[in-house]
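What follows is the residue order along each chain.
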Amino acid sequence: PNSLTNKTRTGSPMPVLEIQPQIPSHRPQARRIARYGFVGGCATAVHYLVLIFFSKVAGVPPAFSAFIGAVTGFMIAYVGNRMFTFQTPNLHCVVLPRYAMIAMLSAIGNGGIVWVGVHLLATHYLVAQLVATVFFLCIAYPINRNWSFK
């Protein structure tokens with residue numbers, strides 16, 4: 001007899017049902033997080049370049065330079081996340097204000113973290129910026145996934 005069948009009382013083969021637990025696939029979510037990270041990495045690289053340029057070349061205070069960098073990064077991140085990460089069919093008039101609100105709150109918080117790091121904790125401005133970047137990455141992704149681009 002076939003190893004995948006059992007015999008019924010009448011001798012006819014009966015298929016054996018092998019039950020395997022259904023494991024939910026997290027691959028689409030993992031791909032989306034990777035895309036978000038890639039887009040964010042590109043936007044962050046521009047953010048840091050703008051921050052360094054305005055701080056070191058133009059003589060603008062680091063906290064305000066960080067804010068300018070965050071706004072520049074926002075423009076890159078919005079287009080990248082809309083088209084590549086979340087691929088939302090929703091209209092700009094719905095998605096952009098939501099995304100802008102989260103980005104502006106993040107930019108203000110970003111400048112605040114850099115200011116606290118530089119002026120109160122006497123940390124190098126790039127270290128403070130790195131802390132701000134990681135913090136707002138962890139905060140903004142779930143909000144953008146569940147609200148901004150929905």
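Before reading on, note that the structure itself is shown above.
Residues numbered from 1 in each chain as written. Predicted model: local features only at pLDDT ≥ 70, side-chain atom pairs only at ≥ 80, totals over all residues. Heavy atoms only, no water.

Novice: Explain the nonpolar core here, please?
Specialist: General note: in soluble globular proteins, nonpolar side chains tend to be found buried as a group. If you look at the biggest cluster of nonpolar residues, it comprises 14 residues, and the most contacted ones within it are Tyr-36, Phe-74, Ala-77, Tyr-78, Phe-86, Tyr-99 and Phe-149. Listing elements by their share of this core, those giving two or more residues are α1 (27–57), α2 (62–85), α3 (92–120) and α4 (125–148). The element contributing the most residues to this core is α3, with 4 residues. Ignoring sequence-local partners within four residues, the contact set of Phe-149 consists of Tyr-78, Asn-81, Arg-82, Phe-86, Thr-88, Asn-90, Val-95, Tyr-99 and Asn-144. In this structure, Ala-66, Val-114, Tyr-125 and Ala-128 belong to the second largest nonpolar core, which totals 5 residues. (Core = buried A, V, L, I, M, F, W, Y, C linked by side-chain atoms within 4.5 Å. Buried < 20%, exposed > 50% of the residue type's maximum accessible area, 1.4 Å probe, protein only. Helix = DSSP H or I, 4+ residues; strand = E, 2+ residues; numbered from the N terminus. Contact = heavy atoms within 4.5 Å.)

Novice: Whenever I open this one, the side chain of Asn-81 confuses me. Can you help?
Specialist: With respect to the helices and strands, the residue Asn-81 is situated in helix α2. Among the residues examined, Asn-81 registers a relative accessible area of 2% and is labelled buried. Setting aside residues up to four positions removed in sequence, Asn-81 forms contacts with Tyr-36, Val-39, Phe-86, Gln-87, Tyr-99 and Phe-149.

Novice: How do you make sense of unusual backbone geometry when you look at a structure like this?
Specialist: Apart from glycine, the bulk of residues carry a negative phi angle, and the bulk of peptide bonds sit in the trans form. Unlike most non-glycine residues, Gln-87 shows phi in positive territory, near 45°. Tracing the backbone shows Gln-87 in the loop between α2 and α3. The class of Gln-87 is partly exposed, set by a relative accessible area of 48%.

Novice: Any chance you could explain the packing of α2 against α3 here in plain terms?
Specialist: Helix packing geometry: the angle between the two helix axes and the distance between the axes. Taken N-terminus to C-terminus, the directions of α2 and α3 make an angle of 150°; their axes are 9 Å apart at the nearest point. With respect to each other, α2 and α3 are oriented roughly antiparallel. Viewed along their axes, α2 and α3 form a crossing whose handedness is right-handed. Across from Pro-62, Ala-63, Ala-66, Phe-67, Ala-70, Phe-74, Ala-77, Tyr-78, Asn-81 and Arg-82 in α2, the residues of α3 making contact are His-92, Val-95, Leu-96, Tyr-99, Ala-100, Ala-103, Met-104, Ala-107, Asn-110, Gly-111, Val-114 and Trp-115. (Axes fitted to C-alpha atoms, helices over the stretch in contact; angles between N-to-C directions. Parallel < 35°, antiparallel > 145°, perpendicular 65-115°, else oblique. Left-handed = near helix turned anticlockwise from the far one by under 90°.)

Novice: So what exactly am I meant to see when it comes to α4 here?
Specialist: Owing to its 3.6 residues per turn, the α-helix aligns residues three or four sequence positions apart on the same side. Taking 1.5 Å per residue as the helical rise, α4 with its 24 residues ought to reach 34 Å, whereas the 30 Å between its terminal C-alpha atoms falls clearly short. Largest kink in α4: about 25°, centred on Ala-140, with the proline Pro-142 one to four residues after it. Within α4 the residues assigned to the buried category are Tyr-125, Ala-128, Gln-129, Ala-132, Phe-136, Ala-140, Tyr-141, Asn-144 and Ser-148. (Expected span 1.5 Å × (residues − 1). Bend = angle between axes of the 7 residues up to and from the residue.)

Novice: What am I meant to see in the packing of aromatic side chains here?
Specialist: Pairs of aromatic rings are described using the distance from one ring centre to the other and the angle between the two planes. Tallying each qualifying case throughout the model produces 13 aromatic pairs. Measuring from centroid to centroid gives 6.2 Å for Phe-38 and Phe-84, while their planes differ by 65°, and the two rings are edge-to-face. Of this pair, Phe-38 sits in helix α1 while Phe-84 is found in helix α2, placing the two residues 46 residues apart along the sequence. For Phe-84, a relative accessible area of 37% corresponds to the partly exposed category. Taken together, the aromatic side chains of Tyr-36, Phe-74, Tyr-78, Phe-86, Tyr-99, Tyr-141 and Phe-149 make up a single cluster linked through ring pairs. One Lys or Arg, Arg-35, reaches over the ring of Phe-84 and ends 5.1 Å from the middle of that ring. (Phe/Tyr/Trp six-rings, centres within 6.5 Å; stacked < 30°, edge-to-face > 60°. Lys NZ or Arg CZ within 6 Å of the ring centre and 35° of its normal.)

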